[in-house]
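In case you want the letters, here they are:
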Amino acid sequence: MAESDTNMPTSLQKPVGAQIKREERAEAPRNTGPGGTGNKLADSLRDAAMAAFLAAVLGFFLIGIRTDIAPGGLALTTRWVAWIVSILVVFGGRLALSLLVFRADHPVTETLGGKISSLSEATPQLGKWLARALLVFALVLPFFFTTFVPGRDRQFIDLAILILTYIMLGWGLNIVVGLAGLLDLGYVAFYAVGAYSFALLAQFFDLGFWMALPLAGMLAAFWGLILGFPVLRLRGDYLAIVTLAFGEIIRIVLLNWYEFTGGPDGISGIPKPTFFGLELSRGDDGFAAFFGLEYSPIHRFIYLYYIILVLALITNFVTMRLRRLPIGRAWEALREDEIACRSLGINTRNTKLTAFAIGAMFGGFAGSFFATRQGFISPESFTFLESAIILAIVVLGGLGSQIGVVIASVVMIGGIEMLRNLGFLSNVFGSGFDPVQYRMLIFGLAMVFIMVWKPRGLISTREPSVVLKEKKQIGADMVAQGEGH
Amino acid sequence: MDYFLQQLINGLTLGSIYGLIAIGYTMVYGIIGMINFAHGDIFMIGAFISLALFLLVTSVLGFAFLPVVLLIVIVIAMLFTSAWGWTVERLAYRPLRGSFRLAPLITAIGMSIALQNFVQITQGARVKPLPPQIQGGITLMEGSTAAGDIVVRLSYMQIIIIVTTVVLMAGFSLLISRTSLGRAQRACEQDRKMAALLGVNVDRTISLTFVMGAALAAVAGLMFLLFYGVIDFYIGFLAGIKAFTAAVLGGIGSLPGAMLGGLLIGLIEVFWSGYFTVEYKDVAAFSILAIVLIFLPSGLLGKPEVEKV
């Protein structure tokens, strides 16, 4: 019941998402939807009332009633207040949305979206400077934290490490999804392979982080090849589902192969990385003593931060270089049209396999970093949800866009971690209210709404990889992003 | 042999539940060519609504006659779960129709995460055990082996599940083949543009497809709840993937295929746990998914997809 003009199936038109709506809005006489009265406010109210009614139906059994385990079976408790509040929230939200977006002369989303796209269209210069500024910012970040927020620096650096890990994973997956157009829902499997390779190499062969890192990357790349081989013939969502299945198979094997992987208990006591043989620990042969510094546990966090920063930058650098090589161009050609690609004599099998293997390799690097940072790994950390988060970062940032991945990681991971700082909300909603609970709910909804609002991701324009004479922008509607051939 | 027979019965029961969910996948894929990733979670929501309704009807309203209770629960749970199916389509898929192919898959994953967490927040993360409501059964065979006595039983619950599935399947086949709605659906499946030109309301037909899928998922949820007696917010993920496997195995887009695939997946899973290892039963299902998609992408009863250049 949303737009006033859904009589004509939108599926039959070429343009995408917001564009469709914009065009329909321009063509259709304003506010003459099915049963529309022509009055903007009245129509919006009617819409909102319907949405509220729907919310009442949807929430009746799930919000209004709660089943709990009680002595002697299950008991029902009712929460009509929460139910009514949720209905009112939907009513208000829908009303605001109707007035500001669907029926407005100048929808807020368009203004906002226009700003973002004009920002990204100015990219040749801006993007370059933004990237440089971000790089400098990333380089000084830990010292920024230790100087300005000394009490909570550890927490902030930890968050920065987490975000950088996701940026690296996002960039790794971007090779597979963004460049080669192969939708991989099981990327976390390679992350797990990397983490377990390092943990097991450390456990059985006593290898340190730096020795194990390349091996873990190689093993992950090898698994990328093994899993990539059978799915060569698949395309689109079938490919996605099979990679998901592979990811889950690896997780289940890790969970049940008790003798080798420790099963659900995981592996603990994974060694920390050393700095050219120096351990970052208290003691006479530690890092601090060697350089005559006063020992502080924060050193290790700063060190970890720089390791992941360097790893992520390597990922970015390699990706950007590969894009200019024949193989990178073959990936992008493959994404656009597999049949044309094949008829031009590109070996699609090798092209796909290299994309899988290189993407997996970076996942493996990130995995061993994860293992050394945590010191403990278990199959719990490698669920499908993790794959979905990484994919969401890549897609929402804009497929194939490197800077988009950074923005999406900061917004999604950083923004969600910020929920932990919203403790004051419990004063408003009562002491039982814990914003952290709502993390994944918000994440899922954000995935839906950003996708509906900007189906091509936040940064939807791309720089051409190869330039003949002059640089031309590639418009969002010109690229068949992620068709998944 | 006794053991085999018992496993066969259990497998058919489980397979019926998978089949009911698989129909939702297959119908949606048939009509708009997307994987409704959130369908497993609709099944989970169906189970939760059924649980709340069941308790409401038995303990608050005080009905005790089980068949009546079950009938009320089935009908109302189907209605309320359909509302969820409709909403998911309206919010997450309709705005993206005509967008690039992976867009709806990504919103579907987002919806799946959101629905799981929504139920986790509103209903709590702990499992909900429902004591067995329907007890007793028919003893088919009694025998003794070296391992001990074996009794092959067909419980009333299993009979209810299988009969309900058969009835619903028959009803749906009639709906698809005889009614104007079914005709509209088949038309949209073949050519959406042409169907729209001939006056079929495409958006409405697609919405109704989601509603029908959700209604069947609700029944599957109720059956799951009554049969296993334990539900939590996470059941939708695995059940969803297995049901999808069933839909693919049977040939996606084909209704009898979904049922056949469901039964096969149920049987394979039960026999795998019975004769090999319980731990790796999910690996069996996932491997079948991969093998079928790679070697037999059109499934057992499906039509091969012709690629147009």
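Computed from a predicted model, the values in this text were never measured in an experiment.

## Considerations on the overall build of chain B
At step 1: Helix and strand counts for chain B stand at 11 helices and four strands.
At step 2: Its C-alpha radius of gyration of 20 Å places chain B within 12% of the 19 Å reference for a compact globule of 309 residues.
At step 3: Principal axes of the C-alpha set define a box for chain B whose edges measure 65 × 50 × 40 Å.
At step 4: Considering chain B as a whole, with its 309 residues, one finds that 52% of them fall into the buried category.

## Focus: the overall build of chain A
At step 1: Helix and strand content of chain A: 19 helices and four strands.
At step 2: For chain A, with 485 residues in total, the buried portion stands at 44%.

## Let's talk about helix α5 (residues 156-178) of chain B
At step 1: For α5(B), spanning 23 residues, the distance from its first C-alpha to its last is 32 Å, which sits close to the expected 33 Å at 1.5 Å a residue.
At step 2: Taken residue by residue, α5(B) has Gln158(B), Ile161(B), Thr165(B) and Leu168(B) as its buried positions.

## Regarding the interface of chain B and chain A
At step 1: Contacts between chain B and chain A engage 63 residues on the former and 62 residues on the latter.
At step 2: For the side of chain B that touches chain A, the secondary-structure elements that each account for two or more residues are α2 (39-60), α3 (66-93), α4 (103-123), α7 (192-197), α8 (202-228) and α11 (281-295) of chain B.
At step 3: Per-element accounting of the side of chain B that touches chain A gives the leading share, 15 residues, to α4(B).
At step 4: Along the lines of polarity and charge, the residues of the side of chain B that touches chain A split into 43 nonpolar, 11 polar and nine charged.

## Observations regarding the packing of helix α2 (residues 40-64) of chain A against α3(B)
At step 1: Between α2(A) and α3(B), whose axes approach to 9 Å, the crossing angle comes to 125 degrees. Classified by the interaxial angle, the pair formed by α2(A) and α3(B) is oblique. α2(A) and α3(B) meet at a crossing whose hand is left-handed. Across the interface between the two elements, Leu54(A), Val57(A), Leu58(A), Phe60(A) and Phe61(A) from α2(A) touch Phe80(B), Ala83(B), Trp84(B) and Thr87(B) from α3(B).
At step 2: Grouping the constituent residues of the contact of α2(A) with α3(B) by class yields eight nonpolar, one polar and no charged.

## Side note on unusual backbone geometry
Residue and element names in this part refer to chain A.
At step 1: The backbone phi angle of Asp206 is positive, close to 60 degrees, even though this residue is not glycine.
At step 2: Mapping Asp206 onto the fold places it in the loop between α7 (188-205) and α8 (209-228).
At step 3: Overall, the presence of 9 C-beta atoms within 10 Å leaves Asp206 in the exposed class.

## Some points on the environment of Ala360(A)
At step 1: You can see Ala360(A) is positioned in helix α15 (residues 348-374).
At step 2: Take Ala360(A): there are 33 C-beta atoms within 10 Å of it, and that puts it in the buried class.

## Quick word on the packing of helix α1 (residues 2-32) of chain B against helix α10 (residues 255-275) of chain B
Residues and elements named next belong to chain B.
At step 1: At a minimum axis separation of 6 Å, α1 and α10 run at an interaxial angle of 140 degrees. By the criterion of interaxial angle, the relationship of α1 to α10 is oblique. Crossing hand, α1 versus α10: right-handed.
At step 2: Residue composition of the contact of α1 with α10, grouped by class: 14 nonpolar, 12 polar and one charged.

## Observations concerning helix α6 (residues 153-179) of chain A
Residue pairs spaced three or four apart in an α-helix point in one direction, given the helix's 3.6 residues per turn.
Residues and elements named next belong to chain A.
At step 1: Given a rise of 1.5 Å per residue, 27 residues ought to cover 39 Å, and the 37 Å separating the end C-alpha atoms of α6 matches this to within 8%.
At step 2: The largest bend in α6 comes to about 40 degrees, at Leu173.
At step 3: Following α6 by one or two positions, Gly181 adopts a phi angle in the positive range, close to 70 degrees.

## Quick notes on the nonpolar core
At step 1: Within the largest apolar cluster, 230 residues are counted, with the highest numbers of intra-cluster contacts made by Val242(A), Ile308(A) and Leu289(B).
At step 2: In terms of residues, this core owes the most to one element, α8(B), which gives 18 residues.
At step 3: In terms of domain composition, this core takes at least three residues from each of domain 1 (10-105) and domain 2 (123-478) of chain A.
At step 4: If near-sequence neighbours (up to four positions away) are discounted, Ile308(A) is found in contact with Ile161(A), Leu164(A), Thr165(A), Met168(A) and Phe369(A).

## Some points on the pairing of strand β2 (residues 73-78) of chain A
Residue and element names in this part refer to chain A.
At step 1: β2 sits mainly on the outside: zero of its six residues count as buried.
At step 2: Relative to β2, strand β1 (residues 65-70) runs antiparallel, the two sharing six bridges. Residue pairing across strands places Ile65 opposite Thr78, the latter belonging to β2.
At step 3: In this structure, the hairpin formed by β1 and β2 is closed by a connection of two residues, where Gly72 is found at a positive phi of approximately 80 degrees.

## Remarks on the confidence of the model for chain A
At step 1: On average, chain A scores 79 in pLDDT, and the residues at 70 or more come to 80%.
At step 2: Of all the helices and strands in chain A, helix α1 (residues 17-27) of chain A carries the lowest mean pLDDT, 47, while α15(A) carries the highest, 93.

What counts as what
Residues numbered from 1 in each chain as written. Chains lettered and ligands numbered in written order. Predicted model: local features only at pLDDT ≥ 70, side-chain atom pairs only at ≥ 80, totals over all residues. Helix = DSSP H or I, 4+ residues; strand = E, 2+ residues; numbered from the N terminus. Rg over C-alpha atoms; globule rule 2.2 N^0.38 Å. Buried ≥ 20, exposed ≤ 12 C-beta atoms within 10 Å, placed from the backbone. Expected span 1.5 Å × (residues − 1). Contact = placed C-beta atoms within 7 Å. Nonpolar A, V, L, I, M, F, W, Y, C, P; charged D, E, K, R; others polar. Axes fitted to C-alpha atoms, helices over the stretch in contact; angles between N-to-C directions. Parallel < 35°, antiparallel > 145°, perpendicular 65-115°, else oblique. Left-handed = near helix turned anticlockwise from the far one by under 90°. Bend = angle between axes of the 7 residues up to and from the residue. Core = buried A, V, L, I, M, F, W, Y, C linked by C-beta atoms within 7 Å. Domains from an automatic or database assignment. Pairing = 2+ DSSP bridges. pLDDT = per-residue confidence, 0-100.

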